[in-house]
Amino acid sequence: MKKNFIKYFVISVFALSSLASCGEAYDSADYSAKTDNAATADEGACSDEAYYDECASAEEPRFSNVSGEEYSQFAENGFRSVSTNPLSTFSADVDTASYANVRRMIKDYGRVTDTNAVRIEEMINYFSYDYSKPDDDAPFSVTTELSSCPWNSSAQLLSVGVQGKEISSSERVPMNIVFLLDVSGSMYSEDKLPLMVEAFSMLAENLTAEDRVSIVTYAGSDAVLLEGAKGSDYKKIIKVLNSLEAGGSTNGSAGINTAYELAEKFFIEGGNNRVILATDGDLNVGVSTEAGLKSLVESKRDNGVYLSVLGFGTGNIKDNKMETLADNGNGNYSYIDSMSEARKVLVEEMNGTLFTIAKDVKFQVEFNPELVSEYRLVGYENRLMNDEDFYDDKKDAGEIGAGHTVTAMYEIIPVSAGLPLKYQPAETEKAGSSGEYSDELLTVSIRYKNPDDDESNTLRFPVKSDKYTDYPSENMQFASCVAEFGMLLRESENISSEICYDRISETLSGLDSVHEDEYKAEFAELVRKAAANS
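Residues numbered from 1 in each chain as written. Predicted model: local features only at pLDDT ≥ 70, side-chain atom pairs only at ≥ 80, totals over all residues. Heavy atoms only, no water.

## Side note on the layout of surface pockets
Alright, step 1. Of the voids in this model, the second largest pocket is the one considered here, and its volume is about 930 Å³.
Alright, step 2. Taken together, 38 residues make up the lining of the second largest pocket; nearest its centre are Tyr-306, Thr-356, Asn-450, Pro-451 and Asp-452.
Alright, step 3. Of all the secondary structure elements, the ones that give two or more residues to the lining of the second largest pocket are β10 (272–279) and β13 (356–367).
Alright, step 4. In terms of residues, the lining of the second largest pocket owes the most to one element, β13, which gives 4 residues.
Alright, step 5. In terms of residue class, the lining of the second largest pocket is made up of 11 nonpolar, 9 polar and 18 charged. (1 Å grid on protein atoms, 1.4 Å probe; cavity = no way out; pocket = protein on both sides within 12 Å on 5 of 7 lines; lining within 4 Å. Points joined across faces, edges and corners; volume = space filled by probe spheres on them. Helix = DSSP H or I, 4+ residues; strand = E, 2+ residues; numbered from the N terminus. Nonpolar A, V, L, I, M, F, W, Y, C, P; charged D, E, K, R; others polar.)

Written out as structure tokens, the structure reads:
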């Protein structure tokens, strides 16, 4: 413990010595002015399945950059007052596409070409963390940690880490997978169709005779190239993959319908039934808007088939459409920019990518107004939910795969001594200001369904004020660095001017996990590259 204390002290002093190069001093008053600017919007759903695109006018505005890539716009979460908004509710998110895409931009251009591409929760959740393992009868464990906020001297930082239960190859249930492959003209380049073929070939090597594989392609129209083949028939699968050529327009909706039909035809009771869509998202025939695609996959998800999306390519990727498909199809969204990323997603983390252990996972944090004045959820802007949706089992939320870790972070502004509190007496009594809950800062509630169930379970984890530590774990320090990096890339107003790439690099250099984990080491190098180009 003494060794760790000395190590942390030295790192902290070293980091403080570099503040002069990071900018001017931070004015904490800026934060108190940024309250209650985060809100969720109700999204209507199309009722006529034959005309999904009729909802297009209700779409959120999206930004198209000069290269033709499209990303959904969103406003960064701001601080909210506990007296008026004691609850914070959002859906779990295990997507990792944003980090891989941001990495590609920085490697190619030295910078992020579109700040809307930066989704901080996806950057944090790209990495694995050393959280406690779940009990044998639980699908996941929850680890909470509270310390100072490195980018806001007025705040504390809460980390909520979820560790999904891991499964071994012997525990894996049979898979019924449909490869839904975009072979339109926009997939012609080397970083699209050829990389996609290699990625799926790699996945095919890990299938068994118990698994079933179908292959559907789409361009101007869809085509079934393989139906219900055994996973062990590797040569047959590879032959089909190697025969693919790109050309034509992109009728993705036709391919989606056909893929779901095949998934239902070869449905395995108690198995993992999933469509894996590989595309650049550039759909231009049939249903092609975000709202239309959302309604299309929403109408399919109750049949027990999950939808995962793998994004490929540069220049014209439609990130907004791919994220919409995965989020509303009970799946996950990954971006494949290299064979190493394909190996990570489809081989090393295959169970997490393809095997759901908990679905419709929702978080709700209730803050004690006597101890917490304001809070800000870091990231998850497009995952926010209405508070009442937490207990509504009909509301869709995120899925957690086997072995996945999910991390959420809050900035918390404690109540200052002597300041009057603005809340109703009944709420004071509910918070337990003079009773048994007076030492609780907040309670984290998580609601989820088992993969084959329609009713949810609820778990609650109180966090007391004595949870605070001056010496955060490596988990929290690393996740904080990723959050800071994301905020710098987004040009966030919620970050101290003291924070800069060099300071983040100094912190990362003192973390053992960065030197032991190739992906975390790569992140440290990415920060240095961004610093060199800033």
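Structure's up, so let's keep going.
## Some points on the packing of helix α3 (residues 97–109) against helix α16 (residues 518–532)
Alright, step 1. Two elements in contact, α3 and α16, have axes whose closest approach is 10 Å; the angle formed by their N-to-C orientations is 45°. Considering their axes alone, α3 and α16 lie oblique with respect to each other. In the packing of α3 onto α16, the handedness of the crossing is left-handed. On the side of α3, the interface is formed by Tyr-99, Arg-103, Ile-106 and Lys-107, while α16 contributes Tyr-519, Glu-522, Phe-523, Leu-526, Lys-529 and Ala-530.
Alright, step 2. Here the residues of the contact of α3 with α16 sort into 6 nonpolar, no polar and 4 charged. (Axes fitted to C-alpha atoms, helices over the stretch in contact; angles between N-to-C directions. Parallel < 35°, antiparallel > 145°, perpendicular 65-115°, else oblique. Left-handed = near helix turned anticlockwise from the far one by under 90°. Contact = heavy atoms within 4.5 Å.)

## Concerning the nonpolar core
When a protein is soluble and globular, its nonpolar side chains tend to lie buried together.
Alright, step 1. The biggest cluster of nonpolar side chains holds 72 residues, and the ones touching the most others in it are Phe-127, Trp-151, Phe-478, Phe-485, Leu-489, Leu-508 and Phe-523.
Alright, step 2. With 10 residues, helix α13 (residues 474–489) is the largest single contributor of residues to this core.
Alright, step 3. Beyond its immediate sequence surroundings of up to four residues, Phe-478 is in contact with Phe-127, Tyr-129, Leu-508, Leu-511, Val-514, Lys-520 and Phe-523.
Alright, step 4. Grouped together as the second largest cluster of nonpolar side chains are 68 residues, Leu-181, Ile-215, Ile-238 and Val-361 included. (Core = buried A, V, L, I, M, F, W, Y, C linked by side-chain atoms within 4.5 Å. Buried < 20%, exposed > 50% of the residue type's maximum accessible area, 1.4 Å probe, protein only.)

## Details of the sheet that holds β10
Alright, step 1. Spatial ordering of the open sheet is given by β9-β8-β7-β10-β11-β12, a layout of 6 strands whose pairing is mixed. Edge positions in the sheet fall to β9 (222–230) and β12 (333–336), since each of these pairs with one other strand and no more. Along the sheet, successive strands turn relative to each other by an average axial angle of 20°, direction set aside.
Alright, step 2. Pairing of strand β7 (residues 175–182) with β10 involves 7 bridges; the strand directions are parallel. (Pairing = 2+ DSSP bridges.)

## Comments concerning the packing of helix α8 (residues 290–298) against helix α9 (residues 319–328)
Alright, step 1. α9 packs onto α8 with a crossing angle of 20° between their chain directions and a minimal axis gap of 9 Å. With respect to each other, α8 and α9 are oriented roughly parallel. Between α8 and α9 lies a crossing of right-handed hand. Along its contact with α8, which presents Glu-290, Leu-293, Lys-294, Val-297 and Glu-298, the element α9 presents Asn-320, Lys-321, Thr-324, Leu-325 and Asn-328.

## Describing the sheet that holds strand β16 (residues 405–414)
Alright, step 1. The sheet built from 5 strands is open, its strands ordered β3-β14-β16-β6-β5 with antiparallel pairing. Since the sheet does not close on itself, it has two edges, and those belong to β3 (80–81) and β5 (140–148), each with one partner.
Alright, step 2. Two strands pair when backbone bridges link them, and β5 and strand β6 (residues 156–164) are joined in this way by 9 bridges, in the antiparallel orientation. In the sheet register, Phe-140 faces β6, and the bridge partner there is Gly-164.
Alright, step 3. On top of the sheet, α13 reaches β5, β6, β14 (372–378) and β16; it is set at about 110° to β6, its chief contact.

## Section: the environment of Lys-359
Alright, step 1. Relative to the helices and strands, Lys-359 is located in strand β13.
Alright, step 2. Note on Lys-359: relative accessible area 13%, which makes it buried.
Alright, step 3. Apart from residues lying up to four places away in sequence, Lys-359 is in contact with Tyr-306, Gly-398, Glu-399, Tyr-448, Lys-449, Asn-450, Pro-451, Asp-453 and Asp-454.
Alright, step 4. Of note is the side chain of Lys-359, whose polar atom sits 3.1 Å from the backbone oxygen of Pro-451. (Polar contact = N/O pair within 3.5 Å; in protein donor to acceptor, adjacent residues only side chain to side chain.)

## Some words on the pattern of salt bridges
Alright, step 1. Scanning all chains against the criterion turns up 27 salt bridges.
Alright, step 2. Among the ionic pairs, Arg-103 bridges to Asp-337, the shortest N-O distance being 3.0 Å. In this pair, Arg-103 sits in helix α3 while Asp-337 sits in the loop between β12 and α10 (339–348), placing the two residues 234 residues apart along the sequence.
Alright, step 3. In this structure Arg-103 comes out as buried when scored by relative accessible area, which is 3%.
Alright, step 4. In this structure Asp-337 comes out as partly exposed when scored by relative accessible area, which is 23%.
Alright, step 5. Residue Glu-298 pairs with Arg-301 through a salt bridge whose shortest N-O separation is 3.9 Å. Side by side, Glu-298 and Arg-301 carry an identical accessibility label, which is buried. (Salt bridge = Lys/Arg side-chain N within 4 Å of Asp/Glu carboxyl O.)

## Side note on a negative patch on the surface
Alright, step 1. On the surface, a cluster of negative charge is contributed by Glu-269, Asp-302, Asp-452, Asp-453, Asp-454 and Glu-455.
Alright, step 2. Its place among the elements puts Glu-455 in the loop between β17 (440–449) and β18 (457–464). (Patch = residues over 30% accessible without salt bridge, like charges linked within 9 Å, V, L, I, M, F, W, Y side chains within 5 Å. Areas by Shrake-Rupley, 256 points an atom, 1.4 Å probe, with all protein chains shown as cover. Lys, Arg positive; Asp, Glu negative; His and termini not counted. Charge placed at Lys NZ, Arg CZ, Asp CG, Glu CD.)

## Some words on helix α7 (residues 252–265)
Alright, step 1. For α7, built from 14 residues, the straight-helix expectation of 20 Å at 1.5 Å per residue is met to within 8% by its first-to-last C-alpha distance of 20 Å.
Alright, step 2. Most of α7 sits inside the fold, with 10 of its 14 residues counted as buried.
Alright, step 3. Within the span of α7, buried status applies to Gly-252, Ser-253, Ala-254, Gly-255, Ile-256, Thr-258, Ala-259, Tyr-260, Leu-262 and Ala-263. (Expected span 1.5 Å × (residues − 1).)

## Digging into the environment of Lys-230
Alright, step 1. You can see Lys-230 is positioned in strand β9.
Alright, step 2. For Lys-230 and Asp-211, which are 19 residues apart along the polypeptide, the C-alpha to C-alpha distance reads 5.8 Å.
Alright, step 3. The residues touching Lys-230, leaving out its near neighbours within four places in the chain, are Thr-208, Ala-209, Asp-211, Arg-212 and Ile-237.

## A closer look at empty space enclosed by the protein
Rolled over the atoms, a probe as big as a water molecule pinpoints where empty space is left.
Alright, step 1. In this structure the tally under the stated criterion is 1 cavity of 30 Å³ or more.
Alright, step 2. Put simply, the largest cavity is a space of about 50 Å³.
Alright, step 3. Lining the largest cavity are Val-94, Arg-274, Asn-330, Gly-331, Asn-332, Gly-352, Thr-353, Thr-356, Glu-399, Ile-400, Gly-401 and His-404.
Alright, step 4. Going through the elements one at a time, α11 (350–354) and β15 (398–401) are the ones with two or more residues in the lining of the largest cavity.
Alright, step 5. Considering each element in turn, the lining of the largest cavity owes the most residues, 3 residues, to β15.
Alright, step 6. The residue makeup of the lining of the largest cavity, split by class, is 2 nonpolar, 8 polar and 2 charged.

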